[in-house]
Amino acid sequence: MAADNFISFPEGYLGPRPLKFSLLANNEEFFAVNKPAGISCFQHEWTLGHPDLSMALKREIISGKPQLSRLGIEGVYRVFNLDAEVSGALVYAKSAAAEAKYRNSCGSRQFVFRYHLLVRTEVEERELYCDLPLAQHFQEQRAMVSHKTGKKCETRFRFLRPFGQYQLWEAETRDTRMHQVRLHAAECGLEIVGEDLYSKVERVYLSQIKKGYRRDKKERFEKPLYDKLCLHLLEVGFEVPEVELPSIAAPIPNRFASLLKRLDDSKGYSSR
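Presented here is a report on the structure given in the accompanying data block. All values derive from a computational prediction rather than experimental measurement.

Moving on, we get to the overall build of the protein. When you go through the protein residue by residue, the secondary structure sums to six helices and 14 strands. Relative to a compact globule of 272 residues, whose C-alpha radius of gyration would be 19 Å, the protein shows 19 Å and is just as compact. The principal-axis extents of the C-alpha atoms in the protein amount to approximately 55 × 50 × 40 Å. The proportion of buried residues among the 272 residues of the protein is 48%.

A word on the side chain of Ser-199. Tracing the sequence through the fold places Ser-199 in the loop between β12 (191-192) and α5 (206-209). Setting aside residues no more than four positions away along its own chain, Ser-199 makes contact with Glu-191 and Ile-192.

Okay, the environment of Arg-120 next. Tracing the backbone shows Arg-120 in strand β6 (residues 111-120). Those residues within four positions of Arg-120 in sequence are excluded, and the remaining contacts are Tyr-166, Gly-189, Leu-190, Glu-191, Lys-200 and Val-201.

Moving on: the side chain of Lys-65. With respect to the helices, strands and loops of the structure, Lys-65 is situated in the loop between α1 (53-62) and α2 (66-70). Of the polar contacts made by the side chain of Lys-65, one reaches the backbone oxygen of Ser-8; its length is 3.3 Å. In this view, Lys-65 contacts Ser-8 and Glu-60; residues no more than four positions away in its chain are not counted.

It is worth spelling out helix α6 (residues 254-266) at this point. In this model α6 runs 18 Å from its N-terminal to its C-terminal C-alpha over 13 residues, within 8% of the 18 Å that 1.5 Å per residue would give. Turning to α6, its buried residues number three or more, namely Phe-256, Leu-259, Leu-260, Leu-263 and Ser-266. For α6, the angular spread of the buried residues around the axis is 125°, confining them to a single face. What points out from α6, more than 90 degrees from its buried face, is the exposed set Asn-254 and Lys-261.

Cut-offs applied
- Residues numbered from 1 in each chain as written.
- Predicted model: local features only at pLDDT ≥ 70, side-chain atom pairs only at ≥ 80, totals over all residues.
- Heavy atoms only, no water.
- Helix = DSSP H or I, 4+ residues; strand = E, 2+ residues; numbered from the N terminus.
- Rg over C-alpha atoms; globule rule 2.2 N^0.38 Å.
- Buried < 20%, exposed > 50% of the residue type's maximum accessible area, 1.4 Å probe, protein only.
- Contact = heavy atoms within 4.5 Å.
- Polar contact = N/O pair within 3.5 Å; in protein donor to acceptor, adjacent residues only side chain to side chain.
- Expected span 1.5 Å × (residues − 1).
- Arc of directions from axis to C-beta.

In C-alpha cells, the structure reads:
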C-alpha cells in the first residue's frame, strides 16, 4: 500500500500485532476506513472486550502521529455506528461541525448502506423485505423485535448468486440500528454464516467442501476458512441534497473472498 492509502497502528493499540486499515476516502470534511470484523468503533456494553478503533485514532492524534497530520486528520467524530462483528466501510468526520452535518444527513436517511452476506437458507424468494422495529433487549446483549419500544428500520434483501449449499445476498438499508441486518436477516430466514446470536450457523471448514481433504496431523483442530461473521458493509452511498459525493466502496476481507472462491470451486460438495 502507498503511504497515503492506509492508516497504521502499532502493536498493543488494537491487539497484539500491528494493524493497517485501508483508507477508502479522505477529503476536507471526512475520511473513511475499511474496518475489520472484531473491532469496535464506539463504547457500548455490547462491545466490551473488543478493541476500540475510535479511541485508538484519538490516542494517535493526541500523540501527534505524523501520518494522520499528513492526511489532514486532526479530529475523529464518528458519523454512524458499525457493529463490532461486522467488517466494512466506516466514516469519520474531521470536525464537530462536519459530524453534525453528516449525522443529520444519516439520521434523515440520506445515506444508503449496502451489505454482502453469505447465508444458509431454504427460502425460494429472491427478494425479501423486513421492517420490524428493533429495541435493545432489557436483559441480554442483543436486539429484539418490539412493536412498543422498538425504533423503526427497514432492510431489503436481494439474492445475488448461489455458492453450493450457501448463497450470497445483498442487504440494503438507510438505517443503522445495532444488529439490524443480522436480526432482520434471521427473521427473513436468511441465516448468516458465523451467526451465533440470532441463528446458529457454523463457520465453513475446508473438510466440508473439499473431497478427500485430510487435515495436517500437526493441527489438533481444523480452523474455519473465515473465522468471522460473513457480513460486510460493502458500500456507503450518499443522497444528500445539493451535495455531490461519490459512494465509498470497501472490498470484502481477503479471507472472506477466499472463502467464496473455495465455495465456488467446490461445486456444492458437502461432507455433512
